[in-house]
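Breakdown of the fold
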Amino acid sequence: MIYYGVESSFWLKLILLLTIIGLLIFSFSAIMRRILKVEKKKPFSHNHLNPLHKKIDWTIRITFIVAMIVGGIINISRQPLNSILFFEPYFLLFMLIFLTEVVRAVMEWKYADNRNAYILTIVELAFFTILLLSMFITDFFGVFGQG
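Residues numbered from 1 in each chain as written. Predicted model: local features only at pLDDT ≥ 70, side-chain atom pairs only at ≥ 80, totals over all residues. Heavy atoms only, no water.

A few words now on the pattern of salt bridges. Summed over all chains, the structure comprises 3 salt bridges. Here arginine 61 makes a salt bridge to aspartate 57, at a shortest N to O gap of 2.7 Å. Of this pair, arginine 61 and aspartate 57 are both found in helix 2 (residues 51-77), 4 residues apart, which corresponds to roughly one turn of the helix. Judged by relative accessible area, aspartate 57 falls into the buried class, the value being 5%. Glutamate 101 serves as the salt-bridge partner of arginine 104, at 3.9 Å between the closest nitrogen and oxygen. With a gap of 3 residues between them, arginine 104 and glutamate 101 both fall in helix 3 (residues 89-111), about one helical turn apart. When its relative accessible area of 11% is taken as the criterion, arginine 104 is described as buried. Here glutamate 101 falls in the partly exposed class, since its relative accessible area comes to 22%. (Salt bridge = Lys/Arg side-chain N within 4 Å of Asp/Glu carboxyl O. Helix = DSSP H or I, 4+ residues; strand = E, 2+ residues; numbered from the N terminus. Buried < 20%, exposed > 50% of the residue type's maximum accessible area, 1.4 Å probe, protein only.)

Taking relative accessible area as the criterion, arginine 61 reaches 26% and is therefore assigned partly exposed. Expressed as a C-alpha distance, the spacing of arginine 61 and leucine 99, which sit 38 residues apart in the sequence, is 9.7 Å. Residues in contact with arginine 61, not counting those within four places in the same chain, are His46 and Leu96. (Contact = heavy atoms within 4.5 Å.)

Mean pLDDT over the protein stands at 88; residues scoring 70 or higher make up 94%. Across the protein, helix 3 holds the top mean pLDDT of 94, while strand 1 (residues 2-3) sits lowest at 62. (pLDDT = per-residue confidence, 0-100.)

Together, Leu16, Ile20, Leu24 and Ile25 line one region of the surface with nonpolar side chains, adding up to about 330 Å² of accessible area. Secondary-structure assignment places isoleucine 20 in helix 1 (residues 10-36). (Patch = residues over 30% accessible without salt bridge, like charges linked within 9 Å, V, L, I, M, F, W, Y side chains within 5 Å. Areas by Shrake-Rupley, 256 points an atom, 1.4 Å probe, with all protein chains shown as cover.)

Laid out in structure tokens, this is it:
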């Protein structure tokens, strides 16, 4: 049954999908940390390796905040089906995560005590990218498909 354009089971499917994706990411990260013997990072914290890393990271974040604001203004002024992909929030958010993790990997490669830390960052980034792309390509694994 559809209410106001949303299936009645939408929220259940969304919570189930997010739980499964979260467990996949958490499990993969835990297994790879154990294999590579890397300490667990604090979640939702800025673990900068040095002042240079902190400066680069914050420069990237501020740049993407400005890009999201400017992109929002530009895309709102265009017709709905004629928006610019590079200014879409989901694209900018993915690029922000990708770029900050690449910078983290480079900084870990150059400055970290444990040389396996950068390998973990690259492998996690690759796993996350593959998972995200496969979700978009398969229409969220068919969970939200029509019919």
